[in-house]
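Reading the structure
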Amino acid sequence: MDAPIGVFDSGIGGLTVLREIMRQLPNENTIYFGDTARVPYGSKSKKTVLKYSRQIVRFLLTKKVKAIVVACNTASALALEEINKEIHIPIIGVVEPGVLMAAEMTETNNIGIIGTSSTIKSGMYNEFLRKVKPEITVVSKACPLFVPLVEEGLWDDRITEDIAARYLCEMKEYDIDALVLGCTHYPLIKRLIGREIGERVKLVNPAYATTQKLKELLEHKNLCNQKNEKPVHDYYVSDGPEKFVTFADGVLPFTVSETKVIDIESY
Ligand code: DGL
């Protein structure tokens, strides 16, 4: 089936998930939507994130997508469960696959989770982790400043290092051996976070496990694209296409030629 896979995020961070989809599923067509006009979601309420996510899903459905990936931790934590009940195509998020991967990796059964304020406040990661492995202890920390620092391109900067040191110092007191990067932006500063938390701690990027889950799902439901044509990747945003393109070119394996702006509020 050559219908595209819809991928969405509050902005540019979800491109780290799209990058992984392009790597693991090189034959698939995709449509990416970044809600650049309304980012960040990470400080917003469940009600707002659910409203925004519903509008985006409605938009993606007009593009006849065959499956949807919620490439945003905050939307996955706050809106996925509800939306899953409302639509008739498969939809997956990044929280559950990230949790399963972390649960497999840990030996000490002490796991750290970092994410936006809303993701951490939702308690979704802790809830899933306890379901999967009740003996696990979770240490979580909201790291809201990482998002603007990444968006400003300060991926390997002294300021980001200082902020990371402050955010992660508490976590170092626990014997964690896996740290879930529970926000789409964090894989872009993975090296810096790794330096700060120490090499003993494995960093879990949910994008990888999410794409594996997507692959299994497409195979299981007979939805894989069988055509051997060059895949088409379309990009939509709600504002600021120039900044999006610059960022996308730094994250994706090839140049983004065109990004369309849509009025997401009308969906
Ligand atoms: N994409 C969001 C997430 O993964 C981070 C940016 C935001 O706060 O909207 O949680």
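Remember, predicted model here, so these are calculated numbers, not experimental data.

The next point concerns the site of the ligand. Looking at the ligand, there are 14 residues lining it, with Asp9, Ser10, Tyr41, Gly42 and Thr74 nearest. Contact between the ligand and Ser10: an oxygen atom at 2.6 Å from a side-chain N or O atom of the residue. Between the ligand and the protein, one listed contact pairs an oxygen atom with a backbone N or O atom of Tyr41 at 2.7 Å. Protein chains shield 99% of the accessible area of the ligand, which is 290 Å² for the free molecule. Residues of the shell around the ligand, tallied by class, amount to 6 nonpolar, 7 polar and 1 charged.

This part takes up the environment of Pro26. Tracing the backbone through its elements, the reader meets Pro26 in the loop between helix 1 (15-24) and strand 2 (30-34). Pro26 sits 109 residues away from Glu135 along the chain, and the two C-alpha atoms are 38 Å apart. Not counting the four nearest positions on each side in its chain, Pro26 is found in contact with Ile21 and Pro231.

So, on to the environment of Asp249. Summarising the element assignment, Asp249 is placed in helix 12 (residues 241-251). Judged by its relative accessible area of 32%, Asp249 is partly exposed. In this structure, the C-alpha to C-alpha distance between Asp249 and Glu82, residues 167 residues apart in sequence, is 33 Å. Sequence-distant contacts of Asp249, defined by excluding residues within four places in its chain, comprise Phe254, Thr255 and Val256. At 2.9 Å, the side chain of Asp249 and the backbone nitrogen of Val256 are in polar contact.

Reading across from one edge, 4-3-1-2-9-10 is the order of the 6 strands in this open sheet, with parallel pairing throughout. Pairing within the sheet leaves two strands with one partner each, and these edge strands are strand 4 (91-93) and strand 10 (260-261). As paired elements, strand 3 (residues 67-70) and strand 4 share 3 bridges and run parallel to each other. The partner of Val69 across the bridge, within strand 4, is Ile92. Of the strands in this sheet, strand 1 (5-9), strand 2, strand 3, strand 4 and strand 9 (233-237) touch helix 2 (residues 46-62), which is tilted by about 155° from strand 1.

Reading guide: rules and limits
- Residues numbered from 1 in each chain as written.
- Predicted model: local features only at pLDDT ≥ 70, side-chain atom pairs only at ≥ 80, totals over all residues.
- Heavy atoms only, no water.
- Near = heavy atom within 4 Å.
- Polar contact = N/O pair within 3.5 Å; in protein donor to acceptor, adjacent residues only side chain to side chain.
- Areas by Shrake-Rupley, 256 points an atom, 1.4 Å probe, with all protein chains shown as cover.
- Nonpolar A, V, L, I, M, F, W, Y, C, P; charged D, E, K, R; others polar.
- Helix = DSSP H or I, 4+ residues; strand = E, 2+ residues; numbered from the N terminus.
- Contact = heavy atoms within 4.5 Å.
- Buried < 20%, exposed > 50% of the residue type's maximum accessible area, 1.4 Å probe, protein only.
- Pairing = 2+ DSSP bridges.
- Axes fitted to C-alpha atoms, helices over the stretch in contact; angles between N-to-C directions.

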